[in-house]
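# Fold and geometry: a report
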Amino acid sequence: MGFTVEALEMQAKQCRKNVLRMTNLAGGGHVGGSLSEMEILTALYFSVMDIDPADPQKPDRDRFLLSKGHSSPGLYAVLAARGYFDTSLLDTFDETGSPLQSHPDMHKCPGVDFSAGSLGQGLSIGIGMAIGGAARGFKFKTFVLIGDGESQEGQVWEALMYAGAKKVKNLIAVFDYNRVQLSSAMAENVDIDPLAGKLWAFNFHVIEAPGNEMKEILSALQDARTISETGPIAVIAHTTKGAGVSFMEGKFEWHGKAPDNEQLAQALIELDGGRL
C-alpha cells in the first residue's frame, strides 16, 4: 500500500491510543509490550505484508504470528485499523465470549493466523507454515514476532537451529527487543546478549533497526522480505517498553497492567503532543 512514513506514524499513534483505551476499559491487559511493538505491526500490516482484509483466508496471503501472544492489544488495534473488523469491537477486549481474548484465537478473530498461548511456540509453527507453503507452491512470507524475554525459552533456540540448518526460505523472525520482561530488566535475569552474534551463528541473516522509528523499521522489514527468498532472516527491533508514554517507558511494572482513568488521560495527552 502507498502509505507515507508520516501516515504510518499517525496510524501507529492512533493504535496506541486504542490500546490504552481498550485495556483501561477491560481493567487489564499487557500494555508495555503492545506499545513497544506498534511500529513493527503498523509497518507490517499497512505496507510490508501481502494481505487482504476482505479475504482473510486467502491461501497465498502472507502470515503473521504473534508468538508473544500476551501483547494482543497491539495486534487487535492494528487489525481493526486495517479493516479486519470494526473498531467498536475493541471495547469488548477480554470479555467472556468476545473474539478478542487476552491471547489471540485464530478460530474467533478475523486476521489472526496463530492461536497464542504458552510462550516460545510461534517460531516453530511459523517454520511449519513456511515449509508447508513452499510444498504447495506458494511463495508467501511468514513473519513471527518474538519477545525478548520469551527468547529465554529453549524451544525458540531449537527452532532457530532448525530453520538455520535447513535454510528455511521466506521466514522472518522479528525480535521486539525492548530489554524488559515480566518483573525485571533482562540484564538482571537471563540476558540473551549478544543476540545478533548468536543469530548469525545459527545461520540467520540479521538486520538491526530502531524498532520505534517508523522509517528505519519499515526499511528493515522491507529488506527482510526481499532477502528471505534466500533463507531465514532475523530482524532485531530495538524498541522501548511502553514506547510513546513517558511514565511507562522502560518500566517492567507496565508489562501486564492497564492504566486507570487518570493515567489514561495523562497518556492520551502525551500522545496528542502535550505533557501534563
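This text goes with the structure placed above it.
Quick look at the structure, then. Predicted model, so just to flag it, every value in this text is computed and none were measured. (Residues numbered from 1 in each chain as written. Predicted model: local features only at pLDDT ≥ 70, side-chain atom pairs only at ≥ 80, totals over all residues. Heavy atoms only, no water.)

### Brief notes about the overall build of the protein
When helices and strands are counted, the protein shows nine helices and five strands. Listed by position from the N terminus, the elements making up the protein come as α-α-α-β-α-α-β-α-β-α-β-α-β-α. Radius of gyration (C-alpha) of the protein: 17 Å, near the 19 Å computed for a compact globule of 276 residues. In the protein, buried positions account for 54% of the 276 residues. In the protein, once contacts between residues fewer than 6 apart in sequence are set aside, the share between residues at least 24 apart is 74%. Put simply, the protein shows about 11,300 Å² of open surface, and 51% of that area lies on carbon and sulfur atoms. (Helix = DSSP H or I, 4+ residues; strand = E, 2+ residues; numbered from the N terminus. Rg over C-alpha atoms; globule rule 2.2 N^0.38 Å. Buried < 20%, exposed > 50% of the residue type's maximum accessible area, 1.4 Å probe, protein only. Contact = heavy atoms within 4.5 Å. Areas by Shrake-Rupley, 256 points an atom, 1.4 Å probe, with all protein chains shown as cover.)

### Looking at the nonpolar core
Leu20, Tyr45, Phe64 and Val235 are the most contacted members of the largest nonpolar core, which totals 56 residues. Ranked by residues supplied to this core, first place goes to helix H3 (residues 38-48) with eight residues. With residues near it in sequence (within four places) discarded, phenylalanine 64 still touches Leu41, Leu44, Tyr45, Met49, Leu75, Asp113, Phe143 and Leu145. The next biggest cluster of nonpolar side chains, apart from the first, holds 27 residues, and it includes Ala130, Ala173, Met186 and Ile236. (Core = buried A, V, L, I, M, F, W, Y, C linked by side-chain atoms within 4.5 Å.)

### A look at the pattern of salt bridges
Summed over the entire model, instances satisfying the criterion amount to 10 salt bridges. In this structure, aspartate 50 engages lysine 58 in a salt bridge whose closest nitrogen and oxygen atoms are separated by 3.4 Å. The partly exposed category is assigned to aspartate 50, whose relative accessible area is 35%. Each of the salt bridges in this network shares a partner with another, and the network as a whole consists of Glu37, Lys68 and Asp176. (Salt bridge = Lys/Arg side-chain N within 4 Å of Asp/Glu carboxyl O.)

### A closer look at the sheet that holds strand S5 (residues 233-238)
Backbone-to-backbone hydrogen bonds join strands into a sheet, with any given pair of strands oriented parallel or antiparallel. An order of S1-S2-S3-S5-S4 is seen for the five strands of this open sheet, with the pairing classed as parallel. Because the sheet does not close on itself, it has two edges, and the strands there are strand S1 (63-66) and strand S4 (205-210). Each strand axis lies, on average, 20 degrees off the axis of its neighbour in the sheet, ignoring direction. Of the strand pairs in this sheet, strand S2 (residues 142-147) and strand S3 (residues 171-177) are connected by six bridges, and their pairing is parallel. Along S3, the bridge assignment pairs leucine 145 with valine 174. Along the sheet, H3 makes contact with S1, S2, S3 and S5, crossing S2 at roughly 170 degrees. Running at roughly 165 degrees to S4, helix H8 (residues 214-227) makes contact with S2, S3, S4 and S5 of the sheet. (Pairing = 2+ DSSP bridges. Axes fitted to C-alpha atoms, helices over the stretch in contact; angles between N-to-C directions.)

### Looking at the packing of aromatic side chains
Scanning all chains against the criterion turns up seven aromatic pairs. Judged by centre distance (5.7 Å) and plane angle (70 degrees), the ring pair of tyrosine 45 and phenylalanine 64 falls under edge-to-face. You can see tyrosine 45 sitting in helix H3 and its partner phenylalanine 64 sitting in strand S1, a full 19 residues away along the chain. Tyrosine 45 gets classed as buried once you look at its relative accessible area, which sits at 2%. Consider the rings of tyrosine 45 and tyrosine 84, whose centres lie 6.4 Å apart with planes at 90 degrees: the pair is edge-to-face. Within this pair, whereas tyrosine 45 is found in helix H3, its partner tyrosine 84 is found in the loop between helix H4 (72-82) and helix H5 (122-135), the two being separated by 39 residues in sequence. Taken as a pair, tyrosine 45 and tyrosine 84 share a single burial class, namely buried. Among the aromatic side chains, those forming a connected cluster through ring pairs are Tyr45, Phe64 and Tyr84. One Lys or Arg, arginine 82, reaches over the ring of phenylalanine 46 and ends 5.8 Å from the middle of that ring. (Phe/Tyr/Trp six-rings, centres within 6.5 Å; stacked < 30°, edge-to-face > 60°. Lys NZ or Arg CZ within 6 Å of the ring centre and 35° of its normal.)

### A few points about H3
Residues spaced three or four apart along an α-helix point in a common direction, a consequence of the helix completing one turn every 3.6 residues. By the criterion of burial, H3 is predominantly enclosed, with 11 of the 11 residues buried. Taken residue by residue, H3 has Met38, Glu39, Ile40, Leu41, Thr42, Ala43, Leu44, Tyr45, Phe46, Ser47 and Val48 as its buried positions.

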